[in-house]
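# Breakdown of the fold
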Amino acid sequence: MTGLAFLIPIALGMGALGLVAFLWAIKSGQYEDMEGSANRILIDDEEDDAP
Amino acid sequence: MNVPVLLAGETNQGGATGSGERLTTRFTVPGIKCAGCIGKIERELPKREGIASARVNFSAKRVAIEHDPALDEGDLVAALLAIGFEAQAVADNPMGTETGERRKLMRALGVAGFGMMNIMLLSVSVWAGAEGATRELFHWLSALIALPVIAYSGRPFFDSAWMALKYRRTNMDVPISIGVILATGLSVYETATGGEHAYFESAVMLLFFLLAGRALDAVMRDRTRDGIGALLGRMGKSASVIGDDGETRRVDAQDLEPGALVLVAAGEAMAADGVIEEGESAIDNSMLTGESAAEGVKTGDTLHAGAINLTAPLRVRLTLTGEDTALAEIARLMDEAGQSRSHYVRIADRASRAYAPAVHSLAALAFAGWMIAGAGVHQSLVIAIAVLIITCPCAMGLAVPTAQVVASGALLKRGLLVKDGSALERLAEINVAVFDKTGTLTMGEPRPDIARLDDEARRVALGLAQHSRHPLSQGLVKSLTEASVTPAPIVNVSETAGHGLAGEWNGETVALERPISGAHELASQLRIGKRAKTVIFTDQMRPDARATIERLSQDGIAASILSGDREEAVQDAAAALGMPAKAEASPQEKLETLEAFKAKGCRPLMVGDGLNDGPALAAAHASIAPGTASDASQQAADAVFIGRDLAPVALAVTVARRTMHIVRQNFALAIGYNALAVPLALFGYVTPLIAAIAMSLSSLIVVGNSLRLSGAAGSAGQTNAGRETRA
């Protein structure tokens, strides 16, 4: 039973952390351009082209 | 006009001026199709002087450019065009209030998801056999999490249910709200009295699944609103009024007064109706008439709001402003015509009208039945609530949005933006199609016949035409660029309004000018030294127009032409496509034709682009406009297709029908599945565990079934592509 006293707050804390992360992601615009992010990994960085 | 956002720029890599201020202007660029385009825009644009950075939003097909205040919209559009992308400035702040709803739903969804996971964790322990003090503790913890979560995440449903009840109506949200509130109330009572079952997880899970459906619905509406809203704003929103002292100042369109004298620069759109006092120019009236050819105007001619002045500045005395302009009159017609559409009842609401009373009476009967059978109030109530939860339209809430989101996503990939779910539902029901000609069946822009030009002539023509914004020149540029012609280096280029372009090349005089004879067809004369050639322009038919009409007729949809154009031009097109036509129809007549179809019991689809099609588009059962259409038409239409092909029109109907088929299947699955569990609930065997399993499984089945649509547009498109190659 004493184990529960630790485990339940930990479980809740982790859940809350996930929730905070999700709310932050919405706020910072991570969901604004999902297709773009998927495509961006395909762009080659052309170092020699950089100014 | 665009309202640029002021940013204080500290970093700069390409800043040419030392003002330290930067503007951010947003553009819609429909041509962004792949990672390569993102890379090209973001890499190439900052190399231009005055542009600090560019950021692409791929989903919204939008580019935000951070630039020097010295550059205006026109320069930036030209910069984008130079690297191969057509762009349009975004009229309003894109972070408007509309996206707020989606964010709110997403937040509610996140909170519900958090609550569901944690309560489920505790519930699983209870189901696994926790007893006594542990069970009570877990129930209390569940209550502690569930109550705030339900209060927050349930708001969208409670609000909507309250609104419905206030006006003595019922909607899907009423049974949901009653179910959730009763389940929560009972669970709190059970927890307080140390009872065996608490339904917190069912209540929260119900909210979670329903919010997922709502969020999907909102995402879909936002996605297309981005696309369509971005194309707004081509009409004149302000004008340069010339004061008595000769000074000009900008006045917003709604503050203009009849009698004012305004200066209309080349390239500017008229903001009100007026008569030319001084000047001679060509105007593009395509917004009002849908006609692509530029019209010559001179002193004394009347100009309508929305007309774009092409070549030379004009002084115009305003006659009608604001609500009185021809444009506003058409807008009013559209508004009235659109009223009927707002009476359309969406399938989810139709289903809930039948479903909600059934669910409520079933639960009430269960309560009454058990009371009569001699069970206590408490036990009867528990059973009634179990019935409510088990029959709750959780999968039904997902049935429509999942199918529609998947289908509209598939259509978007094929070049068709559907505005919202109700548009898909109406598209599925149409049985007659009416097409406008200019700009819809045809490309809507004059293209030259370049086959008769030799290589040298092509290069010279491109070299000259590049310098002009005249529609004929622009058509020439497009056709020659598509034929990979490199422009000849021409010097001393000058443009004379109403006459043409002239310049020098290799020591010879070259010119692109108005032909001397042949008044009735669109043509221009290319002169190199002493040699002269006439280039004829025609408004070409979309390449797959015939295939599309055939495909529609295979689906049992009869097509006809309804155009405002001249009789003979329309008859030519009608003969080429083999369908009946009505020519020289005014906006009012177009509207009447559509109303006549509806009176006969047909459900017409209107496809048109001009503002003169606006009222007809608004009145039709469903409507589609090409991406090149006037803003008002795009707003009135249910869907917008992009590109040269007409095929998306037929595709839209096919996919919409398939979507509705899947939606009906989803309803059958959801109701059928829940119906199986109803006897268990009625006889009091439903525990929270069974409720949870029934709910998640039926939701998963519905989502899975909807995902089958993702291939729908693809396979339909392939058969279409096959037809195109045969045609």
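Refer to the structure above for everything that follows.
Everything numeric in this text was worked out from a predicted model, so none of it was measured. (Residues numbered from 1 in each chain as written. Chains lettered and ligands numbered in written order. Predicted model: local features only at pLDDT ≥ 70, side-chain atom pairs only at ≥ 80, totals over all residues.)

### Observations regarding the overall build of chain B
Note the following rule: Strands are runs of DSSP state E lasting at least 2 residues, helices are runs of H or I lasting at least 4, and numbering of each runs from the N terminus. For the exposure call, what matters is how many other C-beta atoms sit within 10 Å of a residue's own: 20 or more marks it buried, 12 or fewer exposed, and in between partly exposed, using C-beta atoms placed from the backbone.
Along its length, chain B carries 24 helices and 27 strands. Of all 727 residues assigned to chain B, the portion counted as buried reaches 49%.

### Things to note about the sheet that holds strand S23 (residues 558–562) of chain B
To keep it simple, the criterion reads: Two strands are counted as paired when DSSP detects at least two bridges linking them.
If you trace the seven strands from one edge of the open sheet to the other, you get S15-S27-S26-S25-S16-S23-S24 (chain B), paired in mixed fashion. Each having just a single partner strand, strand S15 (416–418) and strand S24 (581–582) of chain B make up the two edges of the open sheet.

### Side note on the packing of helix H11 (residues 377–391) of chain B against helix H22 (residues 647–682) of chain B
Residues and elements named next belong to chain B. Selection rule: All axes here are fitted lines through C-alpha atoms, helices being fitted over the stretch that makes contact, and every angle between N-to-C directions spans 0 to 180 degrees. For this classification, under 35 degrees means roughly parallel, over 145 means roughly antiparallel, 65 to 115 means roughly perpendicular, and everything else is oblique. Two residues qualify as being in contact provided that their C-beta atoms, derived from the backbone, are within 7 Å of each other.
Viewed as axis vectors pointing N to C, H11 and H22 meet at an angle of 175 degrees, and their least axial separation amounts to 9 Å. Between H11 and H22, the interaxial angle falls into the category roughly antiparallel. Together, Ile383, Ala386, Val387, Ile390 and Thr391 of H11 and Asn674, Ala677, Val678, Ala681 and Leu682 of H22 make up the contact between the two elements.

### Some points on the environment of A:Gln30
Along the chain, A:Gln30 falls in the loop between helix H1 (2–27) and helix H2 (34–40). You can call A:Gln30 exposed: it has 12 C-beta atoms within 10 Å.

### Some points on the environment of A:Ile41
The topology assignment puts A:Ile41 in the segment after H2. C-alpha separation for the pair A:Ile41 and A:Leu23, spaced 18 residues apart in sequence, amounts to 25 Å.

### A word on the packing of helix H13 (residues 421–429) of chain B against H22(B)
Residues and elements named next belong to chain B. Their axes nearest at 8 Å, the elements H13 and H22 cross at an angle of 105 degrees. By the angle class used here, H13 and H22 are roughly perpendicular. Two secondary-structure elements touch here, H13 through Leu424, Glu425, Leu427 and Ala428 and H22 through Ala652, Val653, Ala656, Arg657, Thr659 and Met660.

### Thoughts on unusual backbone geometry
Residues and elements named next belong to chain B. One non-glycine residue with positive phi stands out, namely Asn506, at about 50 degrees. Assignment of secondary structure puts Asn506 in the loop between strand S19 (500–505) and strand S20 (508–513). By C-beta crowding, Asn506 is classed as partly exposed, having 13 other C-beta atoms within 10 Å. The phi angle at Glu584 is positive, at roughly 50 degrees, despite the residue not being glycine. Its place among the elements puts Glu584 in the loop between S24 and helix H19 (587–599).

### Here's the deal with the interface of chain A and chain B
Cut-off, in case you're wondering: Amino acids outside the nonpolar list (Ala, Val, Leu, Ile, Met, Phe, Trp, Tyr, Cys, Pro) and the charged list (Asp, Glu, Lys, Arg) are all regarded as polar, and Gly is one of them.
With 20 residues of chain A at the interface, the matching set in chain B holds 20 residues. For the side of chain A that touches chain B, the elements supplying multiple residues, two or more each, are H1 and H2 of chain A. In terms of residue count, the dominant contributor to the side of chain A that touches chain B is H1(A) (nine residues). Partitioning the side of chain A that touches chain B into residue classes produces 11 nonpolar, four polar and five charged.

### As for helix H17 (residues 545–554) of chain B
All of the buried residues along H17(B) are B:Ala545, B:Ala547, B:Thr548, B:Ile549, B:Arg551 and B:Leu552. At the exit of H17(B) stands B:Gly556, carrying a positive phi of roughly 80 degrees.

### What to know about the sheet that holds strand S9 (residues 273–278) of chain B
Residue and element names in this part refer to chain B. One open sheet accounts for six strands, arranged S7-S6-S8-S14-S9-S12; its pairing is antiparallel. Pairing within the sheet leaves two strands with one partner each, and these edge strands are strand S7 (248–252) and strand S12 (302–303). For strand S8 (residues 261–264) and strand S14 (residues 314–320), the ladder comprises four bridges, and the chain directions are antiparallel. Residue pairing in the sheet places Leu261 in a bridge with Arg317 of S14.

### Observations regarding the pairing of S8(B)
Residues and elements named next belong to chain B. Judged by which residues are buried, S8 turns out to be one-sided: Val262 and Val264 face inward and are buried, whereas Leu261 and Leu263, on the alternate face, are not. Bridge analysis of strand S6 (residues 238–242) against S8 gives two bridges, and the strand direction is antiparallel. Across the sheet, the residue bridging to Val241 is Val262, located in S8.

### A closer look at the nonpolar core
Going by this rule: Note on terminology: a nonpolar core is any set of buried Ala, Val, Leu, Ile, Met, Phe, Trp, Tyr and Cys residues joined through C-beta atoms within 7 Å.
Grouped together as the largest cluster of nonpolar side chains are 142 residues, with contacts concentrated most on B:Val204 and B:Ala652. In contact with B:Val204, other than residues within four places in its own chain, are B:Ala112, B:Gly115, B:Met116, B:Ile119, B:Ala146, B:Val149 and B:Ile150.

### Re the pairing of strand S22 (residues 531–541) of chain B
Residue and element names in this part refer to chain B. Where strand S17 (residues 442–448) lies against S22, four bridges are found, and the strand directions are antiparallel. Residue pairing across strands places Pro446 opposite Asp539, the latter belonging to S22. Across six bridges, strand S21 (residues 523–528) lies against S22 in antiparallel orientation. Bridge pairing in S22 places Gln525 opposite Thr534. Remark: two residues form the turn of the hairpin made by S21 and S22, two consecutive strands paired antiparallel; Gly529 in that turn has positive phi of roughly 60 degrees.

### Observations regarding H19(B)
Residues and elements named next belong to chain B. What counts here: A helix is expected to span 1.5 Å multiplied by its residue count minus one. The directions considered for the arc are those from the helix axis to the C-beta atoms.
With 13 residues, H19 ought to run about 18 Å at 1.5 Å a step, and its terminal C-alpha atoms sit 18 Å apart, in line with that. Among all positions in H19, only Pro587, Lys590, Leu591, Leu594 and Phe597 are buried. Seen along its axis, H19 keeps its buried residues to an arc of 115 degrees; they face one direction. The exposed residues of H19 that point more than 90 degrees off its buried face are Ala596 and Ala599. In the segment just after H19, Gly601 is the residue with positive phi, at about 90 degrees.

Purely spatial values, then, with no claim about function.
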